[in-house]
Amino acid sequence: MSRRYTYAEAAAELRVEERWLRRNIGRLPHSKKGRVVTFSDADLERIDAMFHHEPTTGPLAVVSAPTAGAHPLRHLRPLPPRGAAVRS
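Residues numbered from 1 in each chain as written. Predicted model: local features only at pLDDT ≥ 70, side-chain atom pairs only at ≥ 80, totals over all residues. Heavy atoms only, no water.

Q: Lay out the environment of Glu-13 in plain terms, naming residues and giving numbers.
A: Along the chain, Glu-13 falls in helix α1 (residues 7-14). Between the alpha carbons of Glu-13 and Leu-44 there is a distance of 8.0 Å; along the sequence they are 31 residues apart. Non-local contacts of Glu-13, meaning those with residues more than four positions away in its chain, are made with Tyr-5 and Leu-44. (Helix = DSSP H or I, 4+ residues; strand = E, 2+ residues; numbered from the N terminus. Contact = heavy atoms within 4.5 Å.)

Q: Tell me what's going on with the nonpolar core, and back it up with residues and numbers.
A: A general trend in soluble globular proteins is that nonpolar side chains are found buried together. Tyr-5, Tyr-7, Ala-10, Ala-11, Leu-14, Leu-21, Ile-25, Leu-28, Val-37, Phe-39, Leu-44 and Ile-47 together form the largest nonpolar core, which totals twelve residues. If you list the elements that add at least two residues to this core, you get α1, β3 (36-40) and α3 (41-51). No other element matches α1, which puts four residues into this core. Setting aside its immediate chain neighbours within four residues, Leu-14 contacts Leu-21, Leu-44, Ile-47 and Asp-48. (Core = buried A, V, L, I, M, F, W, Y, C linked by side-chain atoms within 4.5 Å. Buried < 20%, exposed > 50% of the residue type's maximum accessible area, 1.4 Å probe, protein only.)

Pasting the structure below:
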């Protein structure tokens, strides 16, 4: 049998504020019987997957940053100073 979590318990498990759960309940997976809202283990996993994003660059990245010269915007150059003519 699956455990059922209240707002407070689910907020503690997800490490979010209970207020955030209540404000976003319309787009979160949950069960409702009358006015009583509960969350299952599967609901909490789905909520975590919806909002959990791993960093792709920086010190916390799981994968390394792209090598120099491989950046997709490497062809861009800064604009000339104001009043200077633009040369192609």
